[in-house]
Amino acid sequence: MIYRDPELVQTVQTIIEIVGTFTFAISGIRHASAKQVDWFGGLVCGIAVAIGGGTLRDMMLGVKPFWMTSSVYMICTVLALLSIIVFAKYVRRLDNAWFVFDTLGLALFTIAGLQKALALGQPFWVAIIMGCITGSAGGVIRDVLLNNVPLIFRKEIYAMASIAGGLLYWALYALRVEISLTVIICFLFICLVRFLAMRYHISLPILREEKLKE
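Calculation criteria
- Residues numbered from 1 in each chain as written.
- Predicted model: local features only at pLDDT ≥ 70, side-chain atom pairs only at ≥ 80, totals over all residues.
- Heavy atoms only, no water.
- UniProt positions renumbered as here; feature names shortened; annotations may be inferred.
- Helix = DSSP H or I, 4+ residues; strand = E, 2+ residues; numbered from the N terminus.
- Expected span 1.5 Å × (residues − 1).
- Buried < 20%, exposed > 50% of the residue type's maximum accessible area, 1.4 Å probe, protein only.
- Arc of directions from axis to C-beta.
- Polar contact = N/O pair within 3.5 Å; in protein donor to acceptor, adjacent residues only side chain to side chain.
- Salt bridge = Lys/Arg side-chain N within 4 Å of Asp/Glu carboxyl O.
- Contact = heavy atoms within 4.5 Å.
- Axes fitted to C-alpha atoms, helices over the stretch in contact; angles between N-to-C directions.
- Parallel < 35°, antiparallel > 145°, perpendicular 65-115°, else oblique.
- Left-handed = near helix turned anticlockwise from the far one by under 90°.
- Nonpolar A, V, L, I, M, F, W, Y, C, P; charged D, E, K, R; others polar.
- Phe/Tyr/Trp six-rings, centres within 6.5 Å; stacked < 30°, edge-to-face > 60°.
- Patch = residues over 30% accessible without salt bridge, like charges linked within 9 Å, V, L, I, M, F, W, Y side chains within 5 Å.
- Areas by Shrake-Rupley, 256 points an atom, 1.4 Å probe, with all protein chains shown as cover.

1. Here's the deal with the UniProt feature "transmembrane region" (unreviewed entry) in the protein chain
Here the UniProt-annotated "transmembrane region" (unreviewed entry) positions come out as residues 37-54, 66-87, 99-118, 124-145, 157-173 and 179-197. Structurally, residues 37-54 comprises 89% helix and 0% strand, and the distance from its first C-alpha atom to its last is 24 Å. Between the C-alpha atoms that bound residues 99-118 there is a distance of 29 Å. The span itself is 100% helix and 0% strand.

2. Side note on the UniProt feature "domain: Glycine transporter" (unreviewed entry) in the protein chain
Under the present numbering, the feature "domain: Glycine transporter" (unreviewed entry) in UniProt falls on residues 15-88 and 100-173. With 80% helix and 0% strand, the stretch residues 15-88 has end C-alpha atoms that lie 27 Å from each other.

3. Some points on helix 8 (residues 179-199)
Between its terminal C-alpha atoms helix 8 stretches 30 Å, which fits the 30 Å expected from 21 residues at 1.5 Å a residue. For helix 8, the set of buried residues is I179, T182, V183, C186, I190, C191, R194 and A197. Down the axis of helix 8, the buried side of the element spans an arc of 150 degrees, and every buried residue falls inside it. With a side-chain oxygen lying 3.0 Å from the backbone nitrogen of S180, the N-terminal cap of helix 8 falls on E178. Of the residues trailing helix 8, H201 is marked for its positive phi of about 55 degrees.

4. A word on the pattern of salt bridges
Counted according to the given criterion, the structure contains six salt bridges. Within this structure, E17, R57, D58 and K116 form a network of salt bridges that share partners.

5. Overview of helix 2 (residues 39-61)
The periodicity of an α-helix, 3.6 residues per turn, causes residues three or four positions apart to be oriented the same way. The terminal C-alpha atoms of helix 2 lie 33 Å apart, and with 23 residues this matches the ideal 33 Å at 1.5 Å per residue to within 8%. Structurally, the start of helix 2 carries an N-cap: the backbone nitrogen of F40 is 3.2 Å from a side-chain oxygen of D38. Looking at the residues trailing helix 2, positive phi occurs at G62, about 75 degrees.

6. Structural notes on the environment of I15
Note on placement: I15 falls in helix 1 (residues 6-34). Along the chain, I15 and G28 lie 13 residues apart, while their C-alpha atoms are 20 Å from each other.

7. Section: the environment of G105
Its location among the elements puts G105 in helix 5 (residues 97-119). Under the relative-accessibility criterion, G105 is labelled buried at 0%. Separated by 29 residues in the primary sequence, G105 and T134 place their C-alpha atoms 9.8 Å from one another. Contact partners of G105, with chain neighbours within four places excluded, come to G20, T23 and F24.

8. Details of the packing of helix 2 against helix 6 (residues 124-145)
For any two helices packed against each other, the geometry comes down to the angle between their axes and how far apart the axes lie. Relative to each other, helix 2 and helix 6 sit at 140 degrees, their axes nearing to 7 Å. With respect to helix 6, the axis of helix 2 lies oblique. Considering how the two elements wind past one another, helix 2 and helix 6 form a crossing that is right-handed. Contacts from V44, A48, V49, G52, G53, G54, L56, R57, M60 and L61 of helix 2 reach helix 6 at M130, I133, T134, A137, G138, I141, R142 and L145. Grouping the constituent residues of the contact of helix 2 with helix 6 by class yields eleven nonpolar, five polar and two charged.

9. Focus on the packing of aromatic side chains
Summed over the entire model, instances satisfying the criterion amount to seven aromatic pairs. Judged by centre distance (4.9 Å) and plane angle (80 degrees), the ring pair of F66 and Y73 falls under edge-to-face. As far as burial versus exposure is concerned, F66 and Y73 are alike and both buried. Centroid distance F124 to W170: 5.2 Å. Interplanar angle 5 degrees. Geometry classified as stacked.

10. Some details on a nonpolar patch on the surface
Among the surface-exposed residues, F40, V44, I141 and L145 lie close enough to one another that they form a single nonpolar patch of about 380 Å² accessible area. Where the nonpolar patch is concerned, the elements lending two or more residues are helix 2 and helix 6. Residue position: L145 is located in helix 6.

Written as structure tokens, this is what we have:
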């Protein structure tokens, strides 16, 4: 069992980034459609979610942004837009589709951010932050573009799910669990945290101004 095989890590990293790009693009385009934007506006929002967090991560790590290394990431975003357009009447029936795709994208990109930071020799506390940025920063950009309060500033469990997944990844890494199994476990864990938080209305306490004045 070779846990730190560079070729295996790179292969897993690429697969995660491609799938994550598609799912996050779907989420961004779905949010944009709720604002009645045109196709180009939907594409911009899809790109913002799909590459925003990863671009910020790569700039902070001092490497070329991942989407500039291959055209496949832009192609994924265009395919996501076409999927929404072609299957629009079916997508409209799935009221919670955006939540599912957003959750999948969050889990995938959290893991991608963690792996990339670790591959560049960053300590684990930095890797967890990079995972959180990769998973949630694109959504912040999307919400700003659409004039919404960013999701991570609301009481809903979002970035905390990413951080929790990062801590679990750290534990499994320390135990030298095989990389593919680590990815699967952390992916399912982040998704489970999000789904359970939504299902049972679990959230962080709201910061109230009156309490700050006491």
